[in-house]
Amino acid sequence: MRLIDLFNDFYRPLRLRGRSIATTKLYECTIRAYARFLGRDPVLADLDELRLARYLEHRVTQVRPLSAERERCSLVALAGLAFERRLIEVKPNVPQAPIPDRVPVAWSLEELRRLLAAAADRATFIASNGRRPLFRRPAPGPEAATDEHRWRAGFFSALIPVLWETGERIGAMLDARVEDYQRPHLLVRGEARKGKKRDRLYRLSPATCDRIDALLAGRTTGSVFAWGMTRTYLWREFGRVVKAAGLDGSHRVRFHQIRRSAASHFAAAGGDACAMLDHSSPRITTKWYLDPRLC
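Keep in mind that this is a model prediction, so the values were computed, not measured.

Trainee: Which residues make up the packing of helix α2 (residues 21-38) against helix α3 (residues 49-59), and what values go with them?
Mentor: Packing of α2 against α3 leaves a shortest axis separation of 11 Å and a crossing angle of 95°. As the angle between them shows, α2 and α3 are arranged roughly perpendicular. Facing T30, A33, Y34, R36, F37 and L38 of α2, the residues of α3 in contact are R51, L52, R54, Y55, H58 and R59. The residue makeup of the contact of α2 with α3, split by class, is six nonpolar, two polar and four charged.

Trainee: With reference to specific residues and values, describe the nonpolar core.
Mentor: Counting residues in each nonpolar core, the largest one holds 41 residues, and the members touching the most others are W107, L115, F155, M173, V224, F225 and F238. Those elements giving two or more residues to this core turn out to be α5 (109-129), α6 (142-166), α7 (170-174), β2 (185-188), α8 (206-216), α9 (231-244) and α10 (255-268). Sorting elements by how many residues they give to this core places α6 first, with seven residues. Not counting chain neighbours up to four residues away, the residues in contact with F238 comprise W107, L115, F156, I160, R254, F255 and I258. In terms of nonpolar packing, the next biggest core, distinct from the first, is built from 21 residues, L3, F7, I31 and A33 among them.

Trainee: Could you give an account of the sheet that holds β2, with specific residues and numbers?
Mentor: Two orientations exist for strands paired in a sheet by backbone hydrogen bonds: parallel and antiparallel. Read from one edge of the open sheet, three strands run β1-β2-β3, paired in antiparallel fashion. Both edges of this open sheet fall to β1 (181-182) and β3 (200-203), since each of them pairs with a single strand only. Across four bridges, the pairing between β2 and β3 is antiparallel. Within the sheet, the bridge partner assigned to L187 lies in β3 and is L201.

Trainee: Provide a residue-level description of α3, including the pertinent values.
Mentor: Given 3.6 residues per helical turn, the α-helix brings residues three or four places apart onto the same face. Among the residues making up α3, those that are buried are L52, Y55, L56 and R59. Here the buried residues of α3 occupy an arc of 95° about the axis, which is enough to place them on one side. The exposed set on the far side of α3, more than 90 degrees from its buried face, consists of R54 and E57. Considering only its buried residues, α3 is in contact with α2 and α4 (65-84). You can read the cap of α3 off the contacts: a side-chain oxygen lies 3.2 Å from the backbone nitrogen of L50, and it is on D48.

What counts, and at which threshold
- Residues numbered from 1 in each chain as written.
- Predicted model: local features only at pLDDT ≥ 70, side-chain atom pairs only at ≥ 80, totals over all residues.
- Heavy atoms only, no water.
- Axes fitted to C-alpha atoms, helices over the stretch in contact; angles between N-to-C directions.
- Helix = DSSP H or I, 4+ residues; strand = E, 2+ residues; numbered from the N terminus.
- Parallel < 35°, antiparallel > 145°, perpendicular 65-115°, else oblique.
- Contact = heavy atoms within 4.5 Å.
- Nonpolar A, V, L, I, M, F, W, Y, C, P; charged D, E, K, R; others polar.
- Core = buried A, V, L, I, M, F, W, Y, C linked by side-chain atoms within 4.5 Å.
- Buried < 20%, exposed > 50% of the residue type's maximum accessible area, 1.4 Å probe, protein only.
- Pairing = 2+ DSSP bridges.
- Arc of directions from axis to C-beta.
- Polar contact = N/O pair within 3.5 Å; in protein donor to acceptor, adjacent residues only side chain to side chain.

Structure follows, in structure tokens:
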């Protein structure tokens, strides 16, 4: 049996029921990466601990240690299910490798202002030269293209302040519905959030609500932050905005940096950052989110 068949036929329906599509894609990406290492589709016999250890030793040279550890957990979980169902005889023992504890890094208020200014400036630059297509569908004329450029400008100018004021994850915010926005409140439903358990109701500032109203432009259905292209392209575009602001443009610095910044500044002002981020433990907040230079 191929590993992808084990995942689709057994693991996904039994262990990932109710989980997000993103979780499924992470497992599929892990299996594809293992296939590239082997040069063929992995099968159940490839859930051998020595073969897995060699793959992970190779993988850590390509991705960050935390990403390699996530792949280890995924492969070990698949092997555990195969062992439980007696599809393999030996359960592999592949211990966790050391993972460096990184100091959380947040943006200062000045850096956040530069980020928002860069989002507006970049949108103006794209609209003026017209060389980079913002949507794959052809525009019927120059006026329509200009409208789409303005819409793109409003997208980042609204998204960045909303993420800053709420501290919400980007994935959940992209799934926020127009019908759940009633100025000044924005409801993010539990189905869209990590864990899929709790709704969160956020109160936004008047300036941010003005940006959302301009972005919606009369729309009454769909996502508040509807994106006409892939989310991969969204991450890439935001990375360009970050670089245009003169900030660190590494892969680690993306939308989650705004979440870390919101938590760090909230804690520095005396707020409960753990409650703000809806974490189960203050230890998680301190370890992964609070920049000690600010807190």
